[in-house]
Amino acid sequence: MSVTDPLTDYDIFDRDYVLDPFPVQEAIRESGCPIAHTERWGGSWLPTRYEDVVALAQEYETFTSRQILVTAPPPQQAEGAYAGVAAPPISSDPPEHHWHRRLILPFFAPQAVAKYEEGTRDLCNQLIDRFVESGEGDAAADYAQQIPVRVIATMLGVPTDLSDTFTGWVRGVLEAGLTDPKIRLESRMKILDYFKEQIEDRKANPRENDLITTLLNSEVDGQKVPEEYVHGVCNLMLVAGVDTTWSAIGASLWHLAQHPEHRRQLRENPDLWPMAIEELLRAYAPVTMARLVDHDVEFQGCPMKAGDRVLMAFPAANRDPRQFENPDEVILDREHNRHVAFGAGIHRCAGSNLARLELRVALQTWLARIPEFELVDPESVTWAGGQVRGPRICKVRF
Ligand code: HEM
């Protein structure tokens, strides 16, 4: 059924919305009611103003993270072998959220992620070697998609040659699985089965400086952390670390393919990279998380009920003209850029240092090897949307 009024009937899985959500978000934002509601896909609220999204993120007692996907989990999830395994810290609320997050932060400190830079650059070069001679390649499937999954596998100490399998599982949870409970459940089970084995292996054969081993040996208040926590963290690392960064790299290349002036600007001003990365993240923020309303509340005049979902539309907030001048324009040297691509408040992305590193290295390596390129056919670019938005097929020639 096609959408007639986005204010009361938006559909985040609608083909046109996935392709270009910004006009719909703008229409909602500039209407008298900047928080829209829909009954579709189990119902949800969609705030579109920066101020509202940030305020919602701060009110974590009302807007909880018990369920962060935009559609409800399949009922069988609460019954199966891994019913108690979640995705800490993203699915945790305070007070547990505090230690759930604290234990993983050291792995993502700037010095800790710096050690992945050289390997990521080598990987990017190897990927480009595979297609550069042909004068054509798929910037999304042959390049962007291949990078974060291998980086996160390295970090987790699991084989990088399983990257296609891991990617399939993650897409099962975050793409097809959002509207297909069977795929979602199966994909989740495959991820959890796999990491259960990895945990058993680390218990039998502890490894040095290994994320899984370190977490298994961690203590909170003098007690070893529950194994379910470690299992849940592994689950989240894979799910949070793959589609997100791949989408950001892919969308940035899609943009650069169409903007020779930006390619030139980056070539002529290498110092611009840090600002340019932030601007590309702002403009093409891939992630929309959800919150579950804990108790009936009126938020900005909207009567939200316990059990309702609220979409944390970080991409919409990043295009709010009240916060960003000319928000639809990509301005690589934008000065005021307090974007929320990595979220806001207590759940702000724990992996942002790694994500920024991967994005920068992937784009710098591409531009060094392929300075000039363009889309083969803008119409043939396909996008995934819903929870994580980014190009999935993006053929370019050079
Ligand atoms: C460009 C890439 C990425 C983007 C845009 C992104 C975006 C986000 C956003 C918006 C949140 C907040 C979710 C919420 O409020 O519910 C988040 C949380 C999180 N992200 Fe990322 N992310 C990216 C890459 C990564 C990577 C590579 C990792 C590492 C595995 C990662 C790990 C996490 C974790 C652990 C959290 C939960 C933090 C908490 O709840 O305290 N992310 N991310």
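For the structure, see preceding data.
It should be emphasised that the depicted structure is a prediction, and the values quoted were computed from it without experimental measurement. Per-chain numbering applies: the sequence of each chain, read as written, is numbered from 1 onward. Per-residue local features are limited, in this predicted model, to residues with pLDDT of at least 70; the limit for side-chain atom pairs, both in listing and counting, is 80 or more; totals at the level of whole chains, interfaces and linings are taken over all residues.

A.B. asks: Describe the overall build of the chain, listing the residues and the values that go with them.
C.D. replies: Only DSSP runs of H or I covering at least 4 residues are called helices, and only runs of E covering at least 2 are called strands; the numbering of each starts at the N terminus. If you tally the helices and strands in the chain, you get 18 helices and 14 strands. Just to be clear, the radius of gyration here is over C-alpha atoms, and the globule rule we use is 2.2 Å times residues to the power 0.38. Relative to the compact-globule value of 21 Å for 398 residues, the chain shows a C-alpha radius of gyration of 21 Å, a close match. In this scheme the burial state of a residue depends on its C-beta neighbours within 10 Å: 20 or more other such atoms mean buried, 12 or fewer mean exposed, and anything in between means partly exposed; the C-beta positions come from the backbone. For the chain, buried positions account for 43% of its 398 residues. The contact rule is simple: place each C-beta atom from the backbone, and if two of them lie within 7 Å, those residues are in contact. Across the chain, contacts joining residues at least 24 apart in sequence account for 70% of those joining residues at least 6 apart.

A.B. asks: With reference to specific residues and values, describe the site of the ligand.
C.D. replies: Taken together, 27 residues lie near the ligand, and Gly241, Met289, Gly343, Cys349 and Gly351 sit nearest. When residues of the shell around the ligand are traced back to their parent elements, those giving at least two are helix 13 (227-241), helix 14 (243-258) and helix 18 (352-369). With 4 residues, the single largest contributor to the shell around the ligand is helix 13. Gly is placed with the polar residues, together with every amino acid not listed as nonpolar (Ala, Val, Leu, Ile, Met, Phe, Trp, Tyr, Cys and Pro) or charged (Asp, Glu, Lys and Arg). Partitioned by chemical class, the residues of the shell around the ligand number 19 nonpolar, 7 polar and 1 charged. Nearness here is judged by the C-beta atom: place it from the backbone, and if it falls within 6 Å of a molecule or strand, the residue counts as near that partner.

A.B. asks: An account of the sheet that holds strand 4 (residues 136-138) is requested, with residue identities and associated values reported.
C.D. replies: Taken in spatial order, the 3 strands make up an open sheet running 4-14-11, and their pairing is antiparallel. Either end of the sheet is taken by a strand with one partner, and the two such strands are strand 4 and strand 11 (374-375). At least two DSSP bridges between two strands are required for those strands to pair. Judged from the 2 bridges that link them, strand 11 and strand 14 (residues 395-397) form a sheet pairing that is antiparallel. Pairing of Leu375 across the sheet is with Val396, part of strand 14.

A.B. asks: Any chance you could break down the pairing of strand 1 (residues 35-38) for me, citing the residues and the numbers?
C.D. replies: Of the pairings in the sheet, the one linking strand 1 to strand 2 (residues 44-47) comprises 4 bridges and is antiparallel in character. Along strand 2, the bridge assignment pairs Ile35 with Pro47. The hairpin turn running from strand 1 into strand 2, its antiparallel successor, is 5 residues long, and Trp41 in that turn takes a positive phi close to 55°.

A.B. asks: I'd like to hear about helix 9 (residues 146-156), residue by residue, with values.
C.D. replies: With 10 of 11 residues buried, helix 9 lies mostly within the body of the structure. Residues of helix 9 that are buried include every one of Gln146, Ile147, Pro148, Val149, Arg150, Val151, Ile152, Ala153, Met155 and Leu156, and no others. Backbone geometry just after helix 9 places Gly157 at a positive phi near 70°.

A.B. asks: So what's going on with unusual backbone geometry? Which residues, and what values?
C.D. replies: The step from Pro88 to Pro89 runs through a cis peptide bond, and the omega angle for that step is 5°. Relative to the helices and strands, Pro89 resides in the loop between strand 3 (63-64) and helix 5 (96-102). Here the bond from Pro94 into Pro95 is cis, since omega is 5°, no more than 30 degrees from zero. Following the sequence through the fold, Pro95 ends up in the loop between strand 3 and helix 5. You will see that Gln300, though not glycine, has its phi angle at about 50°, which is positive.

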